[in-house]
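Descriptive structure summary
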Amino acid sequence: MNDKELVARHAAAMVKDGMLVGLGTGSTANYFIEELARRKQEEGLRITAAASSVVSSIKARQLGLPLIGMEHLSRLDLYVDGADEVTPDSTLLKGRGYDLVREKLMARAADAFIVLVDQSKLTSRIGERYPIPVEVMPFAWQLVKRALESLGAQGDLRPNSAKDGLAITSHGSLVLDMTFDANLQSQALDEMLNATPGVVEHGIFRGLANTVLIAANGQVEERRVAA
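Throughout what follows, the structure given in this document is the object of discussion. Every value quoted in this text rests on a predicted model; they were computed, and no experiment measured them. (Residues numbered from 1 in each chain as written. Predicted model: local features only at pLDDT ≥ 70, side-chain atom pairs only at ≥ 80, totals over all residues. Heavy atoms only, no water.)

Across its full length, the protein chain carries 6 helices and 13 strands. Over its C-alpha trace the protein chain gives a radius of gyration of 17 Å, about what one expects of a compact globule, namely 17 Å for 227 residues. In terms of overall dimensions, the protein chain has a C-alpha envelope of 55 × 35 × 35 Å along the principal axes. Here the protein chain, with 227 residues, has 46% of them falling under the buried criterion. (Helix = DSSP H or I, 4+ residues; strand = E, 2+ residues; numbered from the N terminus. Rg over C-alpha atoms; globule rule 2.2 N^0.38 Å. Buried < 20%, exposed > 50% of the residue type's maximum accessible area, 1.4 Å probe, protein only.)

This part is about the environment of Ile-168. Along the chain, Ile-168 turns up in the loop between strand S8 (154-157) and strand S9 (174-179). Every residue in contact with Ile-168, bar those within four places of it in the chain, is listed here: Tyr-98, Ser-173 and Leu-174. (Contact = heavy atoms within 4.5 Å.)

What follows deals with the side chain of Arg-158. Within the fold, Arg-158 resides in the loop between S8 and S9. Among the residues examined, Arg-158 registers a relative accessible area of 9% and is labelled buried. Side-chain polar atoms of Arg-158 contact the backbone oxygen of Gly-95, separated by 3.0 Å. Among the polar contacts listed, one links the side chain of Arg-158 to the side chain of Asp-177, at a separation of 2.9 Å. (Polar contact = N/O pair within 3.5 Å; in protein donor to acceptor, adjacent residues only side chain to side chain.)

So, about helix H1 (residues 3-12). Within the span of H1, buried status applies to Val-7, Ala-8, Ala-11 and Ala-12. Burial along H1 is one-sided: seen end-on, the buried residues are contained in an arc of 140°. In this structure, the buried residues of H1 make contact with helix H2 (27-43), strand S3 (76-82), strand S6 (110-118), strand S12 (211-216) and strand S13 (219-224). By the N-cap criterion, in which a side-chain oxygen at the helix start approaches the backbone nitrogen of a residue two or three places on, H1 is capped by Asn-2, the distance to Lys-4 being 3.1 Å. (Arc of directions from axis to C-beta.)

As far as function goes, none of this settles anything; it's purely spatial.
See below:
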């Protein structure tokens, strides 16, 4: 069993009967979905799930998990997802996929947000290994890019996986991948991006995680975040 599967199983063991569970997206989240489906089949676990992406929705449905559409949600008991970077204060960088809006809505709606990572995702600051994804309205991307460049950022529109066009989110936005001054703190970056007109959402998840599960060498460390 690899570390991703280990940490996903650890998280799935925290799910209780009757919960409304938000499903993340990505390889670690896939293991979590698979383990929930196993528990449903073998243990009779009764849950309802909501997916943060079309991909996760399809996987959950194929495995027989009952799903509710996001438009019917007002809250979640639990949201479980991975992250691309996690800082010592449990600020997250997410968004190398294309569903930032859905993911942040779920993170805010959940009574508990559990983050699944391995040691390779631990960083000293946000943006240490990856640019900050900034989801933008298609007609506003140049204005947003120029505004961020005036604040010292560098970057460009994200290409699609085939490199023959642009990455487009599930609801039609474009994504700017921007690199900022390493001395900028995550709080300042978060506030700056939130205040930029034309930005739909961005990949800094600050003050949202309740628990970070970190897998390393066959063990899982549970980092609880102070309220």
